[in-house]
Amino acid sequence: MAKNFQELLSKLSSCGRKTLSVACAQDTAVLEAVKEAHDLGIIDAVLVGDEAKIREIANEIKMDCSQFTIINEPDSDKAPLTAVQLVHDGKADMYMKGILPTKNFLKSVLNKEVGLRTGKPLSHVCVFEVPGIDRLLFLSDVAFIPYPTLEDKKHIIEYDVDVANACGVENPKVAPLAAVEVVNPKMPCTVDADELRKANEAGEIKGCVVDGPLSLDIALYPAAAKEKGAEDRPAAGKADILLFPDIHAGNLVYKTMVHMVPGLKNGNVLVGTAAPVILTSRSDSKETKVYSIALAALLAEHMRKVNG
């Protein structure tokens, strides 16, 4: 089980290089991350976009273009379709957003002919290495599903379990979060959390232990669990997966951690797709982009083994 990103990178040595397809790759931050991921032995890459601009940026960052495949498609509408089709056709293992609007990138992901749609809802899994916590944390959903239904939450748990398994975490502990750790009919998210627990006990949700509702402090810290008399709860003080009740709670926690916790490391992957998708923000650091590529590579290997 990988407990930090350094251990995750070490796991990749047994996977072999994965092929990354990048849409509208003419972006300095993206190419810097692709270059580093290549140098680390994680990926080979196909760069789809304006070839002249790609080569100009590559020259500026001392990136050897001979080590990459470049497909010249300067049209910003056609480039993502060309890039995603490579993944759709099995010529690449994962798909990454370059310099194009997120809505255009997602249109290519969901394209009926060449995209990566599965019929399931899309979700976003964030993996955090937090100083003082002895394991990786998997957070969802902080970016995609505004108000997940009970069925959405079941899908989200399924996705998170897959990502956790890809990182070597077997039978992860899932904490559906709320402001309190008891069921209150006036707080619908606590009712959902209890339903998820029951579904897990009934074998409907597999490969994990679901324990909810839990407050964030009880889910993460044994001392808090003990103080509140919850130390016997299955996930108390040792939750791996944090399931947020809605996008507001998730996004606020995500941004608080990213911007206010020194030494924190994170990577993110879009799931619910036929192959891993890397959708990073322009404000994300190069380190976060590289970790996101690494995470997608591990998930691609996991999906290859599971799907045969």
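Residues numbered from 1 in each chain as written. Predicted model: local features only at pLDDT ≥ 70, side-chain atom pairs only at ≥ 80, totals over all residues. Heavy atoms only, no water.

The name given to the chain in an unreviewed UniProt entry is Phosphate butyryltransferase, with the source organism recorded as Grylomicrobium aquisgranensis. Reading the Sequence similarities (unreviewed entry) entry of the UniProt record for the chain gives the comment "Belongs to the phosphate acetyltransferase and butyryltransferase family." (UniProt positions renumbered as here; feature names shortened; annotations may be inferred.)

### What to know about the overall build of the chain
Along the chain, the regular secondary structure elements total 11 helices and 11 strands. A globule of 308 residues ought to have a C-alpha radius of gyration of about 19 Å, and the chain, at 20 Å, matches this closely. On the principal axes, the C-alpha backbone points of the chain span a range of 60 × 40 × 35 Å. In the chain, buried positions account for 54% of the 308 residues. Looking at the chain alone, contacts between residues at least 24 apart form 69% of all its contacts between residues at least 6 apart. (Helix = DSSP H or I, 4+ residues; strand = E, 2+ residues; numbered from the N terminus. Rg over C-alpha atoms; globule rule 2.2 N^0.38 Å. Buried < 20%, exposed > 50% of the residue type's maximum accessible area, 1.4 Å probe, protein only. Contact = heavy atoms within 4.5 Å.)

### Section: the pairing of strand 6 (residues 136-140)
Of all 5 residues that make up strand 6, 5 are buried, and the element is covered over most of its length. On strand 6, burial covers both faces: Leu136, Phe138 and Ser140 on one face and Leu137 and Leu139 on the other are all buried. Hairpin connection between strand 5 (residues 123-129) and strand 6: a loop of 6 residues separates the two successive antiparallel strands, and Gly132 in this loop has a positive phi of roughly 95°. (Pairing = 2+ DSSP bridges.)

### Quick notes on the side chain of Asp284
Note that Asp284 resides in the loop between strand 11 (277-278) and helix 11 (286-307). The side chain of Asp284 is buried and forms no salt bridge, while Lys289, the nearest opposite charge, is found at 5.3 Å. Each residue touching Asp284, except ones within four places of it in the same chain, is listed here: Tyr254, Asn268 and Lys289. (Lys, Arg positive; Asp, Glu negative; His and termini not counted. Salt bridge = Lys/Arg side-chain N within 4 Å of Asp/Glu carboxyl O.)

### A closer look at the pairing of strand 10 (residues 265-271)
With 6 of its 7 residues buried, strand 10 lies for the most part within the structure. Relative to strand 10, strand 5 is paired through 7 bridges, and the arrangement is antiparallel. Opposite Glu129, over in strand 10, you have Lys265 as the bridge partner.

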